[in-house]
Amino acid sequence: MKSLFNWRVLLNLVIAIGVFVGGVYLVFNWLKVYTNHGKEVAVPNVVNHSMHQAIQSLDEIGLEYEVDSAQYDPKYKPFQVLGVFPRPGSKVKEGRTITLKVNPRTWAKVTVPEILDKYKGLAFRRLAQVGLKVGDTLYEPNIQRDAVIRLLHNGNEIKPGVQLPRFSVIDLVIGMGPKRDIPVPNLVGLSIGEAKLIVQQNLFEIGLLDYEGGQADDNAIIYFQDPAPGSFRDQGMQIDLWASKKPISALQGKIEELNSIYRVKIFDTAPVNSYDELPAYPSPNFDDEGEGVLPPVPSGETRTTETKSETKPKVETKPKTDTKSSTERSQAKSESNKPTPAKPSSGNATSKLKGEPQKPAEKPKAKVVIE
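Identification of the protein chain as PASTA domain-containing protein from Bergeyella zoohelcum ATCC 43767 is taken from an unreviewed UniProt entry.

Novice: Just give me the short version of the pattern of salt bridges, but keep the residues and values in it.
Specialist: The full count for this structure, using the stated rule, is eight salt bridges. The residue Arg150 makes a salt bridge to Glu140 at a minimum N-O spacing of 3.0 Å. Here the residue Arg150 occupies a position in strand E8 (residues 148-153), and Glu140 occupies one in strand E7 (residues 133-140), the gap between them amounting to 10 residues. Notably, a salt bridge pairs Arg263 with Asp226, separated by 3.3 Å at the nearest N-O pair. Within this pair, whereas Arg263 is found in the loop between helix H5 (252-262) and strand E17 (285-286), its partner Asp226 is found in strand E14 (residues 221-226), the two being separated by 37 residues in sequence. Using a relative accessible area of 25% as the deciding quantity, one classes Arg263 as partly exposed.

Novice: Help me get a handle on helix H3 (residues 120-130), residues and values and all.
Specialist: Structural remark: α-helix, 3.6 residues per turn; residues separated by three or four positions point the same way. Among all positions of H3, only Lys120, Gly121, Ala123 and Leu127 are buried. End-on view of H3: buried residues confined to an arc of 160°, all on one side of the axis. In H3, those exposed residues whose orientation departs by more than 90 degrees from the buried face are Arg125 and Gln129. Backbone geometry just downstream of H3 places Gly131 in the positive-phi region, at approximately 95°.

Novice: Describe in detail the UniProt feature "transmembrane region" (unreviewed entry) in the protein chain, supporting the description with residues and values.
Specialist: Sites flagged by UniProt as "transmembrane region" (unreviewed entry) map to residues 9-31. In this annotation, residues 9-31 is assigned 100% helix and 0% strand; the end-to-end C-alpha distance for the span is 33 Å.

Novice: An account of unusual backbone geometry is needed here, citing residue identities and associated values.
Specialist: In the segment running from Phe85 into Pro86, the intervening peptide bond is cis, with an omega of -5°. As for its placement among the helices and strands, Pro86 is situated in the loop between strand E3 (81-85) and strand E4 (91-93). Cis peptide bonds are those with omega within 30 degrees of zero, and the linkage from Asp226 to Pro227 qualifies with 5°. Among the secondary structure elements, Pro227 is positioned in the loop between E14 and strand E15 (232-233). Although it is not a glycine, Asp117 sits at a positive phi angle of roughly 65°.

Novice: Lay out the sheet that holds E14 with the relevant residues and their values.
Specialist: In space, the three strands of this open sheet follow the order E13-E16-E14, with mixed pairing throughout. What marks the edges here is a single partner per strand, and that holds for strand E13 (205-211) and E14. With direction set aside, neighbouring strand axes in the sheet form an average angle of 30°. Strands in contact with helix H4 (residues 192-201) are E13, E14 and strand E16 (238-244); relative to E13, the strand with the most contacts, it is inclined by about 165°.

Novice: Explain the layout of surface pockets to me, and be specific about the residues and the numbers.
Specialist: Approximately 270 Å³ is the volume found for the largest pocket. Looking at the largest pocket, the residues that line it are Glu140, Pro141, Asn142, Ile143, Ile149, Arg150, Gln200, Leu203, Phe204, Glu205 and Ile206. Looking at the lining of the largest pocket residue by residue, the class counts come to six nonpolar, two polar and three charged. The residue makeup of the lining of the largest pocket includes at least three contributed by each of domain 2 (109-177) and domain 3 (182-262).

Novice: Run through the pairing of strand E11 (residues 169-175), naming residues and quoting values.
Specialist: Walk down a regular strand and you will see the side chains alternate between the two sheet faces. Most of E11 sits inside the fold, with six of its seven residues counted as buried. Relative to E11, E7 runs parallel, the two being bridged by six bridges. Bridge pairing in E11 places Leu138 opposite Val173. Here E8 runs beside E11; their pairing, made up of four bridges, is antiparallel. Bridged to Arg150 within E11 is Val173.

Novice: I'd like to hear about the environment of Leu208, residue by residue, with values.
Specialist: Note that Leu208 resides in strand E13. For Leu208, a relative accessible area of 41% corresponds to the partly exposed category.

Novice: Can you explain the packing of aromatic side chains? Please cite residues and give values.
Specialist: The final tally for this structure, using the stated rule, is five aromatic pairs. Measuring from ring centre to ring centre gives 4.8 Å for Tyr72 and Trp107, while their planes differ by 75°; the resulting arrangement is edge-to-face. Placement of Tyr72 in the loop between strand E2 (64-68) and E3 and of Trp107 in the loop between strand E5 (97-102) and strand E6 (109-111) is noted, with a sequence separation of 35 residues between them. Looking at Trp107, the relative accessible area reads 26%, which means it is partly exposed.

Novice: Tell me about the sheet that holds E11, residues and numbers included.
Specialist: Reading across the sheet, the four strands line up as E7-E11-E8-E9 and stay open at both edges, with mixed pairing between neighbours. Edge strands, defined here as strands with exactly one partner in the open sheet, are E7 and strand E9 (156-158). The average angle at which neighbouring strand axes cross in this sheet is 35°, direction not considered. As judged from the three bridges shared by E8 and E9, these two strands associate in the antiparallel manner. Looking at the pairing, Leu152 lines up with Glu157 of E9.

Novice: Could you give an account of a nonpolar patch on the surface, with specific residues and numbers?
Specialist: A cluster of nonpolar residues, Leu13, Ile17, Phe20, Val21, Val24, Val27, Phe28, Trp30 and Leu31, forms a patch on the protein surface that exposes about 900 Å² of accessible area. Here Val21 shows up in helix H1 (residues 7-34).

What counts, and where the lines are drawn
- Residues numbered from 1 in each chain as written.
- Predicted model: local features only at pLDDT ≥ 70, side-chain atom pairs only at ≥ 80, totals over all residues.
- Heavy atoms only, no water.
- Salt bridge = Lys/Arg side-chain N within 4 Å of Asp/Glu carboxyl O.
- Helix = DSSP H or I, 4+ residues; strand = E, 2+ residues; numbered from the N terminus.
- Buried < 20%, exposed > 50% of the residue type's maximum accessible area, 1.4 Å probe, protein only.
- Arc of directions from axis to C-beta.
- UniProt positions renumbered as here; feature names shortened; annotations may be inferred.
- Pairing = 2+ DSSP bridges.
- Axes fitted to C-alpha atoms, helices over the stretch in contact; angles between N-to-C directions.
- Contact = heavy atoms within 4.5 Å.
- 1 Å grid on protein atoms, 1.4 Å probe; cavity = no way out; pocket = protein on both sides within 12 Å on 5 of 7 lines; lining within 4 Å.
- Points joined across faces, edges and corners; volume = space filled by probe spheres on them.
- Nonpolar A, V, L, I, M, F, W, Y, C, P; charged D, E, K, R; others polar.
- Domains from an automatic or database assignment.
- Phe/Tyr/Trp six-rings, centres within 6.5 Å; stacked < 30°, edge-to-face > 60°.
- Patch = residues over 30% accessible without salt bridge, like charges linked within 9 Å, V, L, I, M, F, W, Y side chains within 5 Å.
- Areas by Shrake-Rupley, 256 points an atom, 1.4 Å probe, with all protein chains shown as cover.

Here it is, written out as structure tokens:
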């Protein structure tokens, strides 16, 4: 305990406390100087000012600034200050950063989506999702029916991935499908490079490419094609090409061989079938009684006669159903038993006396009941 109250120990303790208090005092004074403690400025009201005027006002009082122009509002002027953070009138230290919400000159740019070779309905939806508008829809012949072929902005062709202001108008070129019965262009004598351009312009496709020698070269000359030049095909069909670096006159044998394979020969006249001449028979003569006299039969042939029997349709007769009562039947029987006086037939007697042929008595006609 005595050593604790030694004057040297007490002296060291007093020195340590003094150093600590002095350090704290110096730190706080340095913070006051560094942070400008007690020196505050009010945020000026620069709303509805132009961006340049707002920046000038902030610079005069020693405030920093940053500009936020992410959202465009067409109701306000371009570069007009729409808001301030912190709000106007707030006390801030000098050098504080103030955020200015400024109306941009136009809409923010968006990326054109990938809609080439897509169905037009899908292209319309994707453009609307990113905030782009569809202008004119132009149709041109193409094998892709109702597919987007090209994109146009202000008359210039653009590609997907280009940055455009939001709500920009884009025109779409859409395929209307292939045409039918289009004449095949003549590619014989042209190089492969020239033929590819012509085939693309006529909306056909390159099919088989046969190079003599097996080495591909766009400068090779075409000496045969299938289908033949001038034949009619639908757009989008393939054209097979045979090319070589040799002159066409030296490839006549190869051309004739390909003609025999790919060209169908059509005969102008069909072969005539020869038949043996049939013997001519004269028409039959009829005598006065109406009997036909057949012409003589040539030697070595026999006459065949056919007899046709005419079949008359049978008519079914059904007896009448007697619906009379029993009393009426008995009266009819009694009347039939009575003797009937014979009437003189004057006509028959006179006909017998005169010796005229007697006509046969007519038979009663049978009544036909048809159900």
